[in-house]
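So you can see what is in the structure, the chains are spelled out below.
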Amino acid sequence: MSYNVNEKGYYGEFGGAYIPEMLYPNVEELRQQYLKITAEPEFQEEFDALLKDYVGRPTPLYFAARLSEKYNTKVYLKREDLCHTGAHKVNNTIGQILLAKRLGKTRIIAETGAGQHGVATATVCALMGLECIVYMGEIDIKRQAPNVARMKMLGAEVRPALSGSKTLKDATNEAIRDWINNPVDTYYIIGSVVGPHPYPDMVARFQSVISKEIKEQLLEKEGRENPDYVIACVGGGSNAAGAFYHFLDDLDVNIIAVEAAGLGVDSGESAATSALGKIGVIHGSKTLLMQSLDGQITEPYSISAGLDYPGVGPMHANLFATGRAEFISITDDQAMQWGIKLSQLEGLIPAIESAHAFAVLDEKKFKPTDIVVFNLSGRGDKDLNTYIDYFKL
Ligand SMILES: *Cc1c(COP(=O)(O)O)cnc(C)c1O
């Protein structure tokens, strides 16, 4: 059994492309081209060169000595926080913009919630000199002013989504509407392993550089490629997909996916999709999502904007359903405490998303000989105001 996507775009029963007919030509063009184009040597050379000299890859695999001592196990951190723009997201936007260029597209659209994917998209559009339009809920525009300013500095146009709850899902609707109206010149960069096939697989492949590097780095440091555990937080699931990718079929590696419990799984204010979700369709793919009894998508909640999403990508839905990955949910309070703990034990201020993953150290007992790799998906600069408010710093 493989935990990767099949030719029809499914992970087990999850995935596929549930899209309006008007979107079919765009998605079909991408489906037919993405593997061919990304396999071309010139594509791979350009992708690798940008990851190296622009993003700063390979990111280090850092042995966290004080953390290891405290928890009596061997803890390594994959330092995606050192990527240009502060998180893993840029690995994917670089890959997709190179693909867009080869498809002859001149106009890039994206949607963003907290603004991190918007910034990563605006960054690569500036890099390539392409027009960039980012849809963002009107409420999010107010909440995320620094990222809106960043996008504008980078030359992107930020268009407010004024309908519905004026947040991420409404921005997504606007982006899809734009794509339908501009099928010829426009490419839609999706920011996580979500959306219709081939997006989840394509984004997972671009992010898979994370686990490829972990294998090489562990071999060098420990004499073996595989850790005992690889642990990552899951919003839509792209940093986790990248960290898990090359370990999916290596059953000696335990995979742990960490979701945001918000105020508590049963509080009504949560984003713990595996615990609360049911099978349904969101953003064009069949997956697990939080919904009411009559199938309306439930508003998720997490203190971390990046995990505040009502679904998970189809790869993760399948990892959950098959039991290949263990899913653990961590509350706001636990994550915030780890924001301080990691800062003071290792001198690393994590993104609040990433801080969720580390709380697994309090939930599970690891052996002294275990090698435990955490994906430190991003740095905490963007979260400083949340840390300030929470801890009255
Ligand atoms: C956006 C973001 C996430 C959540 O997105 P995934 O697609 O689940 O990776 C996690 N960590 C950081 C630092 C982010 O910026």
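Residues numbered from 1 in each chain as written. Predicted model: local features only at pLDDT ≥ 70, side-chain atom pairs only at ≥ 80, totals over all residues. Heavy atoms only, no water.

**Here we look at the overall build of the protein chain**
Part 1 of the argument: Along its length, the protein chain carries 17 helices and 14 strands.
Part 2 of the argument: Scaling as 2.2 N^0.38, a compact globule of 393 residues should have a C-alpha radius of gyration of about 21 Å, and the protein chain matches this with 19 Å.
Part 3 of the argument: Across its three principal directions, the C-alpha atoms of the protein chain cover 55 × 45 × 40 Å. (Helix = DSSP H or I, 4+ residues; strand = E, 2+ residues; numbered from the N terminus. Rg over C-alpha atoms; globule rule 2.2 N^0.38 Å.)

**Brief notes about the pairing of strand S12 (residues 285-289)**
Part 1 of the argument: Burial analysis of S12 places 4 of its 5 residues in the buried class, the great majority of the element.
Part 2 of the argument: Sheet topology note: the strand S11 (residues 278-282)/S12 ladder contains 5 bridges and is antiparallel. Bridge pairing in S12 places Val281 opposite Lys286.
Part 3 of the argument: Where S11 hands over to S12, the hairpin turn is made up of 2 residues, of which His283 adopts a positive phi near 50 degrees. (Buried < 20%, exposed > 50% of the residue type's maximum accessible area, 1.4 Å probe, protein only. Pairing = 2+ DSSP bridges.)

**Some words on the UniProt feature "modified residue: N6-(pyridoxal phosphate)lysine" (unreviewed entry) in the protein chain**
Part 1 of the argument: UniProt's entry tags Lys89 with the feature "modified residue: N6-(pyridoxal phosphate)lysine" (unreviewed entry), counted in the numbering of this structure.
Part 2 of the argument: Examined against the element boundaries, Lys89 turns out to sit in helix H4 (residues 89-102).
Part 3 of the argument: If near-sequence neighbours (up to four positions away) are discounted, Lys89 is found in contact with Gln116, His117, Ala120 and Gln207. (UniProt positions renumbered as here; feature names shortened; annotations may be inferred. Contact = heavy atoms within 4.5 Å.)

**Some words on the domain arrangement of the protein chain**
Part 1 of the argument: Per the domain assignment, the segments making up the protein chain are domain 1 (12-50 + 89-202) and domain 2 (56-87 + 208-391).
Part 2 of the argument: With 27 residues of domain 1 at the contact, the number on the domain 2 side is 31 residues.
Part 3 of the argument: Three residues, Phe14, Tyr18 and Val193, lead the burial of domain 1 against domain 2; their summed loss comes to 27% of the area buried on that side.
Part 4 of the argument: Put simply, domain 1 and domain 2 have 0 salt bridges between them.
Part 5 of the argument: If you look at where domain 1 meets domain 2, you find 7 residue pairs in polar contact (both at pLDDT 80 or more).
Part 6 of the argument: Those elements that place two or more of their residues in the side of domain 1 that touches domain 2 are strand S2 (14-15), H4, helix H5 (116-128), helix H8 (168-181) and helix H9 (199-207).
Part 7 of the argument: Split by residue class, the side of domain 1 that touches domain 2 holds 10 nonpolar, 13 polar and 4 charged. (Domains from an automatic or database assignment. Buried area = accessible area lost by both parts, 1.4 Å probe. Salt bridge = Lys/Arg side-chain N within 4 Å of Asp/Glu carboxyl O. Polar contact = N/O pair within 3.5 Å; in protein donor to acceptor, adjacent residues only side chain to side chain. Nonpolar A, V, L, I, M, F, W, Y, C, P; charged D, E, K, R; others polar.)

**Looking at helix H13 (residues 314-322)**
Part 1 of the argument: Among the residues of H13, those classed as buried are Pro314, Met315, His316, Ala317, Asn318 and Leu319.
Part 2 of the argument: On its buried side, H13 packs onto strand S1 (10-11), S2, H9, helix H11 (238-244), S12 and strand S13 (325-331).
Part 3 of the argument: After H13 finishes, the residue Gly323 shows a positive phi value of roughly 80 degrees.

**Examining the site of the ligand**
Part 1 of the argument: If you check the shell around the ligand, you find 16 residues, and the closest are Lys89, Ser192, Gly235, Gly237 and Ser238.
Part 2 of the argument: In the model, an oxygen atom of the ligand is placed 3.2 Å from a nitrogen or oxygen of the Gly236 main chain.
Part 3 of the argument: The side chain of Ser238 places a nitrogen or oxygen atom 2.7 Å from an oxygen atom of the ligand.
Part 4 of the argument: With the chains in place, 97% of the 390 Å² that the ligand exposes on its own is no longer accessible.
Part 5 of the argument: In the shell around the ligand, the residues fall into 4 nonpolar, 10 polar and 2 charged. (Near = heavy atom within 4 Å. Areas by Shrake-Rupley, 256 points an atom, 1.4 Å probe, with all protein chains shown as cover.)

**Observations concerning the nonpolar core**
Part 1 of the argument: Within the largest apolar cluster, 86 residues are counted, with the highest numbers of intra-cluster contacts made by Leu99, Tyr187 and Phe244.
Part 2 of the argument: Ranked by residue count, the leading element in this core is H4, at 6 residues.
Part 3 of the argument: Of the residues that make up this core, three or more belong to each of domain 1 (12-50 + 89-202) and domain 2 (56-87 + 208-391).
Part 4 of the argument: In contact with Leu99, other than residues within four places in its own chain, are Leu30, Tyr34, Ile37, Thr38, Phe43, Tyr187 and Met202. (Core = buried A, V, L, I, M, F, W, Y, C linked by side-chain atoms within 4.5 Å.)

**Digging into the sheet that holds strand S14 (residues 371-376)**
Hydrogen bonding along the main chain pairs the strands of a sheet, whether they run parallel or antiparallel.
Part 1 of the argument: The strand order across the open sheet formed by 6 strands is S3-S4-S14-S9-S10-S13, and the pairing between neighbours is mixed. Each edge of the open sheet is held by one strand with a lone partner, namely strand S3 (61-63) and S13. On average, adjacent strands in this sheet sit at an angle of 25 degrees to one another, irrespective of strand direction.
Part 2 of the argument: Inspection of the sheet shows strand S9 (residues 229-233) paired to S14 by 3 bridges, in the parallel sense. Residue pairing across strands places Tyr229 opposite Val372, the latter belonging to S14.
Part 3 of the argument: Packing of helix H14 (residues 332-346) onto the sheet brings it into contact with S3, strand S4 (74-79), strand S10 (254-262), S13 and S14, and relative to S13 it is tilted by some 95 degrees. (Axes fitted to C-alpha atoms, helices over the stretch in contact; angles between N-to-C directions.)

**What to know about the sheet that holds strand S7 (residues 157-161)**
Part 1 of the argument: A sheet is described by the order of its strands in space; here 4 strands give the open sequence S7-S6-S5-S8, paired in parallel fashion. With partners counted over all chains shown, the strands left at the sheet margins are S7 and strand S8 (186-188), one partner each. Strand-to-strand, the axes of this sheet are offset by a mean angle of 25 degrees, without reference to chain direction.
Part 2 of the argument: Where strand S5 (residues 107-112) lies against S8, 3 bridges are found, and the strand directions are parallel. Across the sheet, Ile108 pairs through a bridge with Tyr187, a residue of S8.
Part 3 of the argument: Against the sheet, H5 touches S5 and strand S6 (131-137), its axis set at about 165 degrees to S5.
Part 4 of the argument: Sitting on the sheet, H8 touches S5, S6, S7 and S8, and the angle it makes with S5 is about 160 degrees.

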